[in-house]
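Chain by chain, the residues run as shown.
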Amino acid sequence: MKNVIVNFVDWYLKEKDAKDVSHYFSTREDGFELLSECAAEFAKAYGYNPFIDYADINQLQTDIYKKGTSFHKFSESRSSHVPRAVLGNENYLEFLKTLKKNSELLKQPRPKAQQSDSICHYDKDELRKNFFFRLITQDRYYEFLYFPISVLKKLFYRDENDRKFFDKWIDAQIDKIVLHTGESTTIPFKNLNTLDISRDGTVVINDKFKLHTVVANTDSKEEICTYTLQNIVIDHVEPFYNVLFELKEKLPTLQKVHNALENLNDGRISSSEDLKKAGNDLVSDVELFNAQELAALKKELDLISGKIQLQLMERYQNLYKKRKN
């Protein structure tokens, strides 16, 4: 079925302007961002994308308003159920009922993207900065071993040479990120120059290739359809949990970081709030991790990076992959 997110955004803005009522979003770009997030969380809870798999409106309505699910919790956390409201009876569900009366819209093929249709343009440096930030904020709190990347960054940033090592270590991972350009073709990030998101949802790299995503838990690929960079995620081909678990006996310095954080927190760390305070205390104690231990930590990070495989993936497919694992 056709992805109707663009049609809904345009319908919504036109309807709300005509009725002169308050908006949950007031621009196409804001709409794409909000609804892409809603679609990803909805798919995580129910296993389907509401903007693609919408034939059974009654089932969709039931799922939108169902309590006790991860989508309900997500909606509840966003300004008194904005996600549920924007998908609900007076908005997206009303739009779908309008579509049923005018089925021609559903039959229209997605138009071919033109270069002038780009709504978002990113060069390599912009993307590198975006991906760098994503990678240095992915703290992991596994029971057997923490991987507190934000704290490791602060440890290495205490010295200029150590800082250069850390930045180079992250950049090397970014350069190896695989971009799927077809069913069996790829290019690494280091060969990317530009990425454009078009008004029809097509993502084009280097003005030539359409970006594809792995379909969750299969070997097949399909074109990515999205309207925001937020909906394109960095995915671990082999789950990072598995990589770290396999290597845990070879990471004694990282284990020392784990133990130090738990001591400073007076117990297990399970949230960013716990990590922030304990991490700052750890970094401020300059005697806790000396140059020799940082040198050992560098070797362990290199060992980890040798086992990591990264790829770009559509957020919906990534969440569905995690849901099935």
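Right above here is the structure, for reference.
Definitions and limits used
- The residue numbers shown here count from 1 along each chain, following its written sequence.
- Where local features are concerned, this predicted model is filtered to residues with pLDDT of at least 70; where side-chain atom pairs are given and counted, the filter is 80 or more; whole-chain, interface and lining totals use all residues.
- For side-chain calculations, the full set of non-hydrogen atoms in the structure is used, while hydrogens and water are omitted.
- Secondary structure elements follow DSSP: runs of H or I no shorter than four residues count as helices, runs of E no shorter than two count as strands, and numbering proceeds from the N terminus.
- Interaxial angle, 0 to 180 degrees, is taken between N-to-C directions of lines fitted to C-alpha atoms, where a helix line uses only the stretch in contact.
- Orientation is classified from the angle alone, with under 35 degrees giving roughly parallel, over 145 giving roughly antiparallel, 65 to 115 giving roughly perpendicular, and any other angle giving oblique.
- For any helix crossing, the convention is left-handed if the near helix is rotated counterclockwise from the far helix by under a right angle, and right-handed if that rotation is clockwise.
- Only heavy atoms enter the contact rule, under which two residues are in contact if any of them lie within 4.5 Å.
- The nonpolar class holds Ala, Val, Leu, Ile, Met, Phe, Trp, Tyr, Cys and Pro. Asp, Glu, Lys and Arg form the charged class, and all remaining residues, Gly among them, are polar.
- The distinction between a cavity and a pocket rests on a 1 Å grid over the protein atoms alone: a 1.4 Å probe fits inside a cavity but cannot get out, while a pocket stays open yet meets protein on both sides within 12 Å along at least five of seven lines, and a residue with an atom within 4 Å of a point counts as lining.
- Grid points are joined across faces, edges and corners, and a volume is the space filled by probe spheres set on the points.
- What is meant by a nonpolar core is a set of buried Ala, Val, Leu, Ile, Met, Phe, Trp, Tyr and Cys residues, joined one to another through side-chain atoms within 4.5 Å.
- Note on classification: 1.4 Å probe, protein chains only; a residue is buried when its accessible area is under 20% of the maximum for its type, exposed when over 50%, partly exposed between these limits.
- To count as a disulfide, a pair of cysteine sulfur atoms needs to be within 2.5 Å.
- Side-chain rings of Phe, Tyr and Trp, where Trp is taken by its six-membered ring, are said to pair if the distance between their centres is within 6.5 Å; with planes under 30 degrees apart they count as stacked, over 60 as edge-to-face, and otherwise as tilted.
- We define a salt bridge as a side-chain nitrogen of Lys or Arg found within 4 Å of a carboxyl oxygen belonging to Asp or Glu.

> Requested: an account of unusual backbone geometry, with residues and values cited.
Here Asp207, not a glycine, exhibits a phi torsion of approximately 55 degrees, which is positive. Relative to the helices and strands, Asp207 resides in the loop between β7 (203-205) and β8 (209-210).

> Please set out the packing of helix α9 (residues 149-156) against helix α14 (residues 291-305) residue by residue, giving values where relevant.
Helix-helix packing: each pair is described by the crossing angle between the helix axes and the interaxial distance. Direction vectors running N to C along α9 and α14 enclose 135 degrees, while the axes themselves pass 12 Å from each other. One way to sum up the angle between α9 and α14 is to call them oblique. Where α9 crosses over α14, the two elements pack in a sense that is left-handed. Listed contacts from α14 to Leu152, Leu155 and Phe156 of α9 are Leu294, Leu297, Lys298 and Leu301. Here the contact of α9 with α14 is composed, by residue class, of 6 nonpolar, no polar and 1 charged.

> An account of empty space enclosed by the protein is requested, with residue identities and associated values reported.
Taking a probe equal in size to a water molecule and rolling it over the atoms shows the remaining empty space. Enumeration according to the criterion identifies 1 cavity of 30 Å³ or more in this entry. Taken together, Leu135, Gln138, Arg140, Phe147, Ile149, Trp169, Ile170, Gln173, His236, Phe240 and Ile308 make up the full set of residues lining the largest cavity. In terms of residue count, the dominant contributor to the lining of the largest cavity is helix α10 (residues 160-175) (3 residues). Taken together, the residues that form the lining of the largest cavity break down as 7 nonpolar, 3 polar and 1 charged.

> Residue-level account of the nonpolar core, with values.
By size, the foremost hydrophobic cluster in this structure holds 94 residues, and its most contacted members are Tyr92, Phe147, Leu244 and Ile304. Looking at which element gives the most residues to this core, the answer is helix α2 (residues 28-46), with 8 residues. Apart from the residues lying within four places of it in its own chain, the contact partners of Ile304 are Phe147, Phe240, Val243, Leu244, Leu247, Leu251 and Leu254.

> Summarise the state of the cysteines; cite the residues concerned and give the values.
Counted according to the given criterion, the structure contains 0 disulfides. In this structure Cys225 is a free cysteine whose sulfur lies 13 Å from that of Cys120, the closest cysteine sulfur available. What makes Cys225 buried here is its relative accessible area of 13%.

> Report on the environment of Pro83, specifying residues and quantitative values.
Within the secondary structure, Pro83 is located in helix α5 (residues 82-87). In contact with Pro83, other than residues within four places in its own chain, are Cys38, Phe71, Phe74, Ser75 and Arg78.

> Explain the packing of aromatic side chains to me, and be specific about the residues and the numbers.
Inspection of the entire model under this criterion finds 25 aromatic pairs. Measuring from ring centre to ring centre gives 5.0 Å for Phe147 and Phe240, while their planes differ by 65 degrees; the resulting arrangement is edge-to-face. With Phe147 in strand β3 (residues 146-147) and Phe240 in helix α11 (residues 240-247), this pair connects stretches of sequence that are 93 residues apart. With respect to burial, Phe147 and Phe240 carry one shared label: buried.

> Which residues make up the pattern of salt bridges, and what values go with them?
Within this structure, the stated rule accounts for 12 salt bridges. Its salt-bridge partner being Arg78, residue Glu37 comes within 2.7 Å of it at the nearest N-O pair. Residue Glu37 is located in helix α2, and its partner Arg78 is located in the loop between α4 (70-76) and α5; the two are separated by 41 residues in the primary sequence. Its relative accessible area of 29% is what places Arg78 among the partly exposed residues. Among the salt bridges present, the one from Lys277 reaches Asp281, with a minimum N-O distance of 3.3 Å. With Lys277 and Asp281 both in helix α13 (residues 272-284), this residue pair falls 4 residues apart, about one helical turn. The exposed category is assigned to Lys277, whose relative accessible area is 58%. Its relative accessible area of 30% is what places Asp281 among the partly exposed residues. Through salt bridges that share partners, Arg128, Asp171 and Asp175 make up one connected network.

Shape descriptors only; they carry no functional weight alone.
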